[in-house]
Amino acid sequence: MLFRSDVVVGNTSYFAFARQALVAGLRHLQVEAGDEVDIPELICRDVLSSINSVGAVPRFYPVGSDLRPTSVGNTKSARFVLAVNYFGFPQDLRSFQSLWPDACLIEDNAHGYLSADEDGNPLGSRASVGITSFRKTLRVPDGAILDTASPLDQALLTPACNRSPGLAFQVRSLLAVTERVTQIPTQQMSRAAIRLCRRLLTGSSLPTSSTDSEITLPCPTAISEYSLQRLHKVEFDKEVIRRRNLYTYFESNFRDEYGQPVFPCLPKNCSPYGFPFYSDHIPRQFIRIAARRHCEIISWPDLPEAVSVSNEHVYRRLRVVNFR
């Protein structure tokens, strides 16, 4: 039980990955085989592995350019619905309560660590179950949070383990520190070298995923003690200020020819994951602007196999300046 106290505080529990946290959350809600779980079309395909692992059936609903649901899609009688706080911006949960009045709400807050809504409610804590992937915000090798409205069954918890960060994580961390100290673009040069090698070996400079990612969960389940210790050392206020300042910087340097920002403004209490925008391509000039702040511009990961949209669709045009 001493180890378990590391991975659960009140109704907050810790896991290695958000997908593992979501599995525990679904089981906590007593999701059964055959139950429908409504999820947005704009979702990382890896999320499906959590739903499939409990035998539930994923159904998709569309979102508009404002990243809010436009309808219930092809769903029939879903008992559960996933609401995503894209890029740390608070989703308006009232629209979900209107569209799915009888469904249990699950808050996907993978991008929203340190973010809150305008009333000051932390994102990921506003529904029956909330999942936050703080490893996407902080430089740690693993780390996800599960918030539940009622205590989690102890059988769903896994003690933290004494697992050292892998070599790849250590190298990336060293490159990041080196770049900030010397102003030499070590991360950019490393990414360029890796993409060149990948293109030579696979024909694609960017990593591709397969349908296996919609079924197979990551390992391990237990969060590392290293990540927990790093989490407790974070200067939260400074990190929020850093992210809000970065957003303001990119907002002020964005031009019409680059594309269109996703959000009209930065809400109060929001700690942005990055600066999201729509564009047919990633503008070279904006890449250089991002590099000055040691940031990378990325596209949305692969969509689920069941979501078929054209290359001109708004989902395909979504980019983000990653503040990590």
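The structure presented is a predicted model; accordingly, all values stated were derived computationally and were not measured.

Thresholds applied
Residues numbered from 1 in each chain as written. Predicted model: local features only at pLDDT ≥ 70, side-chain atom pairs only at ≥ 80, totals over all residues. Heavy atoms only, no water. Helix = DSSP H or I, 4+ residues; strand = E, 2+ residues; numbered from the N terminus. Rg over C-alpha atoms; globule rule 2.2 N^0.38 Å. Buried < 20%, exposed > 50% of the residue type's maximum accessible area, 1.4 Å probe, protein only. Phe/Tyr/Trp six-rings, centres within 6.5 Å; stacked < 30°, edge-to-face > 60°. Pairing = 2+ DSSP bridges. Right-handed = clockwise from strand over helix to strand, strands pointing away.

1. Things to note about the overall build of the protein chain
Check the secondary structure of the protein chain and you find nine helices and 12 strands. Against the 2.2 N^0.38 benchmark of 20 Å for 324 residues, the protein chain shows a C-alpha radius of gyration of 19 Å, consistent with a compact globule. Principal-axis analysis of the C-alpha atoms places the extent of the protein chain at approximately 50 × 45 × 45 Å. Sorting the 324 residues of the protein chain into buried and exposed places 48% on the buried side.

2. Structural notes on the packing of aromatic side chains
As enumerated under the stated definition, the model contains 23 aromatic pairs in all. Seen from their ring centres, F254 and F286 are 5.1 Å apart, and the 85° between their planes marks the pair as edge-to-face. Residue F254 is found in the loop between α8 (236-253) and β9 (260-261), and its partner F286 is found in helix α9 (residues 284-291); the two are separated by 32 residues along the sequence. Like F286, F254 is buried. Every member of this aromatic cluster is reached through a ring pair, and the members are F89, Y247, Y249, F250, F254, Y258, F263, F275, F277, F286 and F323.

3. Re the pairing of strand β6 (residues 104-108)
Taken across its five residues, β6 has four buried, putting it largely inside the fold. Bridge count for strand β5 (residues 80-84) against β6 is five bridges, and the pairing is parallel. Bridge pairing links F80 to C104 in β6. In this fold, β5 hands off to helix α4 (residues 93-99), which returns the chain to β6; that crossover is right-handed. For β6 and strand β7 (residues 129-132), the ladder comprises three bridges, and the chain directions are parallel. From the neighbouring strand, I106 faces β7, where its bridge partner is V129.

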